[in-house]
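Architecture and fold: a report
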Amino acid sequence: MTKTKESTASFPTTRLRRLRQHPKLRDLVREHTLTANDFVLPLFIKSGNNIKNHIDAMPGNYQWSVDRIEEVLDRVVELKIPAVMLFGLPANKDEIGSDALHENGVIQQATRRAKQLHPDLLIMADLCLCEYTAHGHCGVVEKKSDGHFEIHNDKTLALLTEQAISLVKVGADVIAPSGMMDGVVTALRHGLDAAGYSHISILNYSVKYASAFYGPFREAADGAPQFGDRSTYQMDMPNAREALREAALDVEEGVDMLMVKPAGHYLDIIYRVKQQFPEIPLAAYQVSGEFSMIKAAAEKGWVNEEKVMLESLLAIKRAGADFIITYYALDAAQLIGSKDGKA
Ligand code: PBG
């Protein structure tokens, strides 16, 4: 299309402030919006009965026992949020995270209950061993003779595949491996297909950085590593090109949806991944530290929580995310609903 003289005209003919003069005009020309369909709410499910423990480091979030999840799931459905992402706090932890694989493990029970209560609600299961292992690492730990330890990639893949099948059996719709093991998509796809679950999709935490922003989550999920850190498997945060290699491998392995995590300080990564793989749905995870920092500043009265919340979420969409996993899902959906769907 040839450009008309008018469209390339500069000041004083062109004045970009014109389209900002009327709120309805701003509504019409807005490039990105949020709806409840953009959100996934992470939930922490704790073994036991009658538990609704407030997570102090993440105000407004709770650890729930299975018998209490109805309260929060009803709210999710009422606000038309399409999905929840489940994290488990089992009764017992051991070296290989046995509870993660058990048919009556805490997430298996929660998934069954959620499907019974709301068959149409999408259940995404976070797939990782760190909440179930005594050492708190995301995989099988092998001690070396020199005193070092290694997170054994391929042994971990076998356990994750078992965990995935046990979760799908009880009704999980989407499997979301968060442990940054190489080849996890291939392993899960083969395992799920062989078990008759070729219709189940994989949302890989494809580009997950070793980030200090996970701090509050580790209190919430009781999953901090007991020794060392996660830097031999999660990505090194100064690296951006490597993110594209992670995403490319997942695409080759047949991933259904990609994810970048954290989100707010990684908008450049979200943008790059979306530019490189525009056809693959992309999730972004606004992690616990991002959420809690806004909460803390708002509690001090230093920022307007509603506005900063919506700004942080819209920025993630503007960067290229198709949907956002966020602890603000309920608040944001409620606010957007009350504003007639416009945020
Ligand atoms: C477990 C997992 C973590 C998060 C999601 N899944 C913690 C970690 O990797 O240490 C972090 C989520 C958050 O901070 O909100 N592998």
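Residues numbered from 1 in each chain as written. Predicted model: local features only at pLDDT ≥ 70, side-chain atom pairs only at ≥ 80, totals over all residues. Heavy atoms only, no water.

Focus: the site of the ligand
Near the ligand you find 18 residues, and of these K208, R218, K261, S288 and Y327 are the closest. In the model, a nitrogen atom of the ligand is placed 3.2 Å from a nitrogen or oxygen of the S178 side chain. Here an oxygen atom of the ligand sits 2.5 Å away from a polar atom, N or O, in the side chain of R218. Surface burial for the ligand is 100%, taken as the share of its 410 Å² of free accessible area covered by protein chains. For the shell around the ligand, the class distribution of residues is nine nonpolar, three polar and six charged. (Near = heavy atom within 4 Å. Polar contact = N/O pair within 3.5 Å; in protein donor to acceptor, adjacent residues only side chain to side chain. Areas by Shrake-Rupley, 256 points an atom, 1.4 Å probe, with all protein chains shown as cover. Nonpolar A, V, L, I, M, F, W, Y, C, P; charged D, E, K, R; others polar.)

Some remarks on the packing of helix α8 (residues 241–252) against helix α9 (residues 267–276)
Close contact between α8 and α9 brings their axes to 10 Å; oriented N to C, the two are set at 45°. Overall, the two elements α8 and α9 adopt an arrangement that is oblique. α8 and α9 meet at a crossing whose hand is right-handed. Packed against α8, whose contacting residues are R241, A243, L244 and A247, the element α9 presents I269, R272, V273 and Q276 at the interface. Grouping the constituent residues of the contact of α8 with α9 by class yields five nonpolar, one polar and two charged. (Axes fitted to C-alpha atoms, helices over the stretch in contact; angles between N-to-C directions. Helix = DSSP H or I, 4+ residues; strand = E, 2+ residues; numbered from the N terminus. Parallel < 35°, antiparallel > 145°, perpendicular 65-115°, else oblique. Left-handed = near helix turned anticlockwise from the far one by under 90°. Contact = heavy atoms within 4.5 Å.)

Considerations on a positive patch on the surface
On the surface, R15, R17, R18 and R20 cluster together to form a positively charged patch. Looking at the secondary structure, you find R18 in the loop between α1 (5–8) and α2 (23–29). (Patch = residues over 30% accessible without salt bridge, like charges linked within 9 Å, V, L, I, M, F, W, Y side chains within 5 Å. Salt bridge = Lys/Arg side-chain N within 4 Å of Asp/Glu carboxyl O. Lys, Arg positive; Asp, Glu negative; His and termini not counted. Charge placed at Lys NZ, Arg CZ, Asp CG, Glu CD.)

Let's talk about the nonpolar core
The biggest cluster of nonpolar side chains holds 115 residues, and the ones touching the most others in it are F44, M85, I175, L203 and V273. For this core, the element with the highest residue contribution is helix α5 (residues 153–169), accounting for seven residues. Contact partners of I175, with chain neighbours within four places excluded, come to A125, L127, A164, L167, V168, L188, I200, S201, I202 and L203. (Core = buried A, V, L, I, M, F, W, Y, C linked by side-chain atoms within 4.5 Å. Buried < 20%, exposed > 50% of the residue type's maximum accessible area, 1.4 Å probe, protein only.)

A short note on unusual backbone geometry
Here the amide bond leading from F11 into P12 is cis, since omega sits at 10°, within 30 degrees of zero. Look at the link from K261 to P262: it is a cis peptide, with omega at -10°. Structurally, P262 is set in the loop between β11 (258–261) and α9. Phi at K80 is positive, roughly 65°, even though this residue is not glycine. Here K80 shows up in the loop between α3 (69–78) and β4 (83–89). The exposure class of K80 is exposed, given its relative accessible area of 63%. Not every positive phi belongs to a glycine, and M180 is a case in point at roughly 60°. Checked against the element boundaries, M180 lands in the loop between β8 (174–177) and α6 (184–194).

With respect to the pairing of strand β13 (residues 323–326)
Neither face of β13 is open: one carries F323 and I325, the other I324 and T326, and all of them are buried. The pairing of strand β1 (residues 39–46) with β13 spans two bridges and is classified as parallel. Pairing of V40 across the sheet is with I325, part of β13. As judged from the four bridges shared by strand β12 (residues 282–286) and β13, these two strands associate in the parallel manner. Residue Q286 lies in a different strand from β13, and its bridge partner there is T326. (Pairing = 2+ DSSP bridges.)

Examining the packing of helix α11 (residues 305–319) against helix α12 (residues 329–338)
Running from N to C, α11 and α12 point in directions that differ by 100°, and their axes come no closer than 11 Å. Comparing their axes, α12 and α11 come out roughly perpendicular. Residues E306, M309, L310 and L313 of α11 form the contact with α12, whose participating residues are D331, A332, L335 and I336. In terms of residue class, the contact of α11 with α12 is made up of six nonpolar, no polar and two charged.

Thoughts on the packing of aromatic side chains
Applying the stated criterion to the full structure yields eleven aromatic pairs. The ring of Y285 carries the charged tip of K261 above its face, separated from the ring centre by 4.8 Å. (Phe/Tyr/Trp six-rings, centres within 6.5 Å; stacked < 30°, edge-to-face > 60°. Lys NZ or Arg CZ within 6 Å of the ring centre and 35° of its normal.)

Considerations on the state of the cysteines
Considering all chains together, one arrives at zero disulfides under this definition. Here C130 is not disulfide-linked; the sulfur of C128 is the nearest cysteine sulfur, at 3.9 Å. The buried category is assigned to C130, whose relative accessible area is 6%. Distance from the sulfur of C138, which forms no disulfide, to the nearest cysteine sulfur (C128) is 3.5 Å. Exposure remark for C138: the relative accessible area of 1% places this residue in the buried category. (Disulfide = S-S within 2.5 Å.)

So, α11
The end-to-end C-alpha distance of α11 is 21 Å, a good match for the 21 Å that 15 residues give at a rise of 1.5 Å each. Buried within α11 we find M309, L310, S312, L313, L314, A315, I316, K317 and A319. Residue N304 occupies the N-cap position of α11, its side-chain oxygen lying 3.1 Å from the main-chain nitrogen of E306. Remark: G320 follows α11 within two positions and exhibits a positive phi of approximately 135°. (Expected span 1.5 Å × (residues − 1).)

Nothing here speaks to function; it is geometry throughout.
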